[in-house]
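The lines below spell out each chain.
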Amino acid sequence: MSHDQSMEDALERAALAIRSAEAILIGAGAGMGVDSGLPDFRGGGGFWKAYPPYAKLGLDFVSLANPRWFASDPELAWGFYGHRLMLYRETDPHEGFTILHRWMSRLAHGGFVYTSNVDGHFQKAGFSPEQVYEVHGSIGAMQCLSECGVEIFSADPFSLNVDHQTMRAIPPLPKCPNCGAMARPNILMFGDWGWDSSRSDTQQRSLKAWLVSKVGGPLVIVECGAGTAIPSVRLTCQDIAQRYDGTLIRINPREPEVPEGQISLPMRASDALRALDERIGSWMPD
Ligand SMILES: [Zn+2]
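Residues numbered from 1 in each chain as written. Predicted model: local features only at pLDDT ≥ 70, side-chain atom pairs only at ≥ 80, totals over all residues. Heavy atoms only, no water.

(A) Up close: the coordination of the zinc ion. Coordination of the zinc ion by the protein is provided by C144 (SG), C148 (SG), C176 (SG) and C179 (SG), with metal-donor distances spanning 2.3 Å. The coordination sphere of the zinc ion comprises 4 donor atoms, whose angles at the metal cover 102 to 115 degrees; the geometry is tetrahedral. Counting the intervening residues between successive donors of the zinc ion yields the motif C-x3-C-x27-C-x2-C. In this pair, C144 sits in strand β4 (residues 137–144) while C179 sits in the loop between β7 (168–170) and β8 (183–187), placing the two residues 35 residues apart along the sequence. For C179, a relative accessible area of 38% corresponds to the partly exposed category. (Donors = N, O, S within 2.8 Å, 3.2 Å for Na, K, Ca; no water. Tetrahedral: all angles 85-135°; square planar, octahedral: opposite > 155°, others 65-115°. Helix = DSSP H or I, 4+ residues; strand = E, 2+ residues; numbered from the N terminus. Buried < 20%, exposed > 50% of the residue type's maximum accessible area, 1.4 Å probe, protein only.)

See below:
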């Protein structure tokens, strides 16, 4: 079978699985954001090419994504996260988000999103916050570094000024609205014992409740751009597919391997979603 033919068959099988599903779980990793034009922060070489000031300091993504900087060098810490906050705010989610949202709204039992991305782009694309589980937290949420007892608060009122020559934030830096201590993003960092997981925990409970209560009929799992480097999304999608007898559609140009019987689409997320949407066509009116 030619490569084109097997890809064509996989797309047909995937389109059929989506059309005959009653519920959809969307899994998303870094590759989903890359298609909107966001950098993949986990590629070491690419990261330094995109941010020369960090190459000069010898700081890669893993060393920067560490809560200790908020104590030892807050302007460096907020340079990194403030830049991302503003970048994610200014970037529009690609068409694939809209396509997924449309599919989800047509299914009898709707759907849920499981994402390791912290960019808030599912909500920005119109998904209800009640249908999203952000397993590593979100740049759109903040917590108090002094742990004064304040609940997680929104990042919306804050704007960061970052000097792009140095990647350092220019004060004022975000503060806790309750006690005035410095705020940090409610994102799970590396070696992070201070992350307030309460928001994510609530989202996780909602996902579990949805899986238990809504999934009687066929479940399709559409996993987009989730790699093996930080495998939480991949493993969760596989696990849920197995547990709930779902069909897994794995969209990944570099790591497309799937468990036997599941569907592999070695394509970029935005391309695959568009190709699937064309095949699904006018299935049910909006
Ligand atoms: Zn506080």
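(B) Focus on the sheet that holds strand β10 (residues 247–251). With respect to topology, 6 strands assemble into an open sheet ordered β3-β2-β1-β9-β10-β11, the strand pairing being parallel. Both edges of this open sheet fall to β3 (132–134) and β11 (263–265), since each of them pairs with a single strand only. Ignoring which end each strand starts from, the neighbouring axes of this sheet average 15 degrees apart. In this sheet, β10 lies alongside strand β9 (residues 219–224) in parallel orientation, the contact comprising 5 bridges. (Pairing = 2+ DSSP bridges. Axes fitted to C-alpha atoms, helices over the stretch in contact; angles between N-to-C directions.)

(C) Quick look at the nonpolar core. Y54, W78, F80, Y81 and L160 are the most contacted members of the largest nonpolar core, which has 37 residues in total. Contributing elements (two or more residues each) for this core: α5 (61–64), α6 (68–72), α7 (74–90), β4 and β8. Here this core takes 9 residues from α7, the largest share from any one element. Sequence-distant contacts of W78, that is, excluding residues within four places in its chain, are made with F70, H83, M142, L160, V162, A169, L173, P174, M182, A183, R184 and P185. (Core = buried A, V, L, I, M, F, W, Y, C linked by side-chain atoms within 4.5 Å. Contact = heavy atoms within 4.5 Å.)

(D) Representation of the packing of helix α8 (residues 95–106) against helix α12 (residues 269–280). Interaxial distance between α8 and α12 falls to 9 Å at its minimum, and their mutual angle equals 40 degrees. Looking at the two axes, α8 sits oblique to α12. The two elements α8 and α12 cross, and the hand of that crossing is left-handed. In contact with E95, G96, I99, L100, R102, W103 and R106 of α8, α12 contributes L273, R274, L276, D277 and I280. (Parallel < 35°, antiparallel > 145°, perpendicular 65-115°, else oblique. Left-handed = near helix turned anticlockwise from the far one by under 90°.)

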